Amino acid sequence: MAGPGRVYIVGAGPGDPELITVKGLRLLRSADAVVYDRLVPGELLGEAKRGARLVYAGKAPGRHAMSQDEINRLLEGLAREGLVVVRLHGGDPLTFGRGEEECAYLLSRGIPCEVVPGIPSYVAASAEHLLPLGSRGYSRVYTVATGTLAGGTPLPRERLEAAMRASDSLVVLMAASRAAEILGLAAETLGPQAPAAIVESASTPKSKLTLGPAGELAATAKPRPPALIYIGGAVRWRLDTLPTGRS
Ligand code: SAH
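Residues numbered from 1 in each chain as written. Predicted model: local features only at pLDDT ≥ 70, side-chain atom pairs only at ≥ 80, totals over all residues. Heavy atoms only, no water.

Caption draft 1: The arrangement of the site of the ligand in detail. The full set close to the ligand counts 17 residues, and Asp-92, Thr-95, Ser-121, Ala-202 and Ala-227 are the nearest of them. Between the ligand and the protein, one listed contact pairs an oxygen atom with a backbone N or O atom of Asp-92 at 2.8 Å. Between an oxygen atom of the ligand and a main-chain N or O atom of Met-174, the distance comes to 2.9 Å. With the chains in place, 90% of the 550 Å² that the ligand exposes on its own is no longer accessible. (Near = heavy atom within 4 Å. Polar contact = N/O pair within 3.5 Å; in protein donor to acceptor, adjacent residues only side chain to side chain. Areas by Shrake-Rupley, 256 points an atom, 1.4 Å probe, with all protein chains shown as cover.)

Structure (C-alpha cells):
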C-alpha cells in the first residue's frame, strides 16, 4: 500500500494569477492532484504538471458542488493513495475559506497537512484601489467581517453595528446580496455621509471600484459578486489624499 501522501492547503490569491506566493506555485507545479475552488484563477490550473488530477470542488453562493464533508473525504482519499495533493483556495485559505477545517480533519486522521497562506481579497483590493486599512491618522483599528454565516444566514446586524462603532475601517466579505442593508446600517450608525466603497472582482480585468457616502451607495449599489464593502477610514484616506479620490 502507498504511504500516506501529503496535503497542502494553498492560498491561490485573489484573482490575478501573479498574486500566488512562490511557495504556493512551486507546490502547485509539483502536485499529483489539485482540488480547487470556484474563485481560483483559471490560469493557475495551467501550472499543474501534466497528468495531475484536477478536481473542482467549487462552492457558489447558496450552491455547493461538494459539501465540506465530501471535500474533506476527497482530500483524505487522494492522500491515502500516496499522492501529493494541493488544495487551492481563492485568496487565503484561513480567511473565511474553511482551510482550517480541512487541515484539522486530515491531521486527526494522521495525514500530514500544511497551510500555505495566500493574499486575501481585501488586501489585494486595498492595494489596487488605494484603500489603506492600516493608515496613520485614518485607520488604526480595522475589522474584517463576513456578511454571511454557515448555511447562508446573515451575520446579525448587531455584530456589524458593533464592528462599525469599534473600528476605524470595516471591510465586509460575502455581502454582495446584503450590500444595501449593510450600507444603510452604516448610514444609520455613522451618519449618511460616512465614506463607503464597493470593490468588485478585485485584481482581475473586471475589477470595479464604486465610491460614495454610505447613504447614497445604500440606495444605488447592486454589486456583482465577488465583492467587498468598505466603510470608514480607509475610504476617507483616499478621498482626502488622492486628486482623483472622488472619481
Ligand atoms: N478566502 C477568500 C475569501 C473567501 S469568502 C479570501 O481570502 O479573500 C468569498 C468572498 O471573498 C466573496 O464573497 C467576496 O466577498 C470575497 N472575494 C473573493 N475574491 C474577491 C475578489 N477578487 N474581489 C472582491 N471580493 C472577493
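Caption draft 2: Up close: the pairing of strand E6 (residues 84-89). Within E6, 5 of the 6 residues are buried, leaving the element largely enclosed by the surrounding structure. The sheet contact formed by strand E1 (residues 6-11) and E6 spans 6 bridges and is parallel. Residue pairing for E6: Val-10 is matched across the bridge by Leu-88. Summarising the sheet, strand E2 (residues 33-36) and E6 pair through 4 bridges and their orientation is parallel. Note on E6: the bridge partner recorded for Val-35 is Arg-87. (Buried < 20%, exposed > 50% of the residue type's maximum accessible area, 1.4 Å probe, protein only. Helix = DSSP H or I, 4+ residues; strand = E, 2+ residues; numbered from the N terminus. Pairing = 2+ DSSP bridges.)

Caption draft 3: Representation of the domain arrangement of the protein chain in the model. As far as domains go, the protein chain holds domain 1 (6-116) and domain 2 (121-241). With centres defined by C-alpha atoms, the gap from domain 1 to domain 2 works out at 28 Å. In this complex, domain 1 contributes 7 residues to the contact, which on the side of domain 2 involves 12 residues. Of the roughly 650 Å² buried between domain 1 and domain 2 on both sides combined, carbon and sulfur atoms contribute 79%. On the domain 1 side of the interface with domain 2, the three residues burying the most area are Pro-14, Thr-95 and Phe-96, jointly 64% of the side's total. (Domains from an automatic or database assignment. Contact = heavy atoms within 4.5 Å. Buried area = accessible area lost by both parts, 1.4 Å probe.)

Caption draft 4: Fine view of unusual backbone geometry. Cis geometry marks the peptide bond from Pro-225 to Pro-226; its omega dihedral reads 0 degrees. Residues other than glycine seldom take positive phi values, yet Phe-96 does so here, at roughly 50 degrees. With respect to the helices and strands, Phe-96 occurs in the loop between E6 and helix H4 (99-108). Its relative accessible area of 39% is what places Phe-96 among the partly exposed residues. With a phi angle near 50 degrees, Met-174 is a residue other than glycine that sits in the positive phi range. By the secondary structure assignment, Met-174 is in the loop between strand E9 (169-173) and helix H7 (179-190).

Caption draft 5: Focus on the nonpolar core. Among the nonpolar cores identified, the biggest contains 25 residues, and Leu-170, Ile-182, Leu-183, Ile-229 and Ile-231 are the most heavily contacted of them. Sorting elements by how many residues they give to this core places H7 first, with 6 residues. Once you skip the residues sitting within four places of it in the chain, Leu-170 turns out to touch Thr-143, Ala-145, Leu-160, Ala-163, Met-164, Ile-229, Tyr-230 and Ile-231. (Core = buried A, V, L, I, M, F, W, Y, C linked by side-chain atoms within 4.5 Å.)

Caption draft 6: Here's a closer look at the sheet that holds strand E12 (residues 227-232). Here 5 strands make up an open sheet; going across it, the order is E8-E9-E12-E10-E11 and the pairing mixed. The two strands at the open ends of the sheet, each matched to only one other strand, are strand E8 (142-146) and strand E11 (208-213). Ignoring which end each strand starts from, the neighbouring axes of this sheet average 15 degrees apart. Two strands pair when backbone bridges link them, and E9 and E12 are joined in this way by 4 bridges, in the antiparallel orientation. If you follow Val-172 over to E12, its bridge partner there is Ile-229. Where helix H6 (residues 157-166) meets the sheet, its contacts fall on E8, E9 and E12, and the angle it forms with E9 comes to roughly 150 degrees. Lying on the sheet, H7 is in contact with E9, strand E10 (195-200) and E12; it crosses E12 at an angle near 5 degrees. (Axes fitted to C-alpha atoms, helices over the stretch in contact; angles between N-to-C directions.)

Caption draft 7: Focus on the packing of aromatic side chains. Under the definition given, this model contains 1 aromatic pair. Plain terms: the ring middles of Tyr-36 and Tyr-56 are 5.5 Å apart, the flat faces sit at 55 degrees to each other, and that makes the pair tilted. Placement of the pair is Tyr-36 in strand E2 and Tyr-56 in strand E3 (residues 53-56), with a sequence separation of 20 residues. A relative accessible area of 17% places Tyr-36 in the buried class. Tyr-56 gets classed as partly exposed once you look at its relative accessible area, which sits at 37%. (Phe/Tyr/Trp six-rings, centres within 6.5 Å; stacked < 30°, edge-to-face > 60°.)

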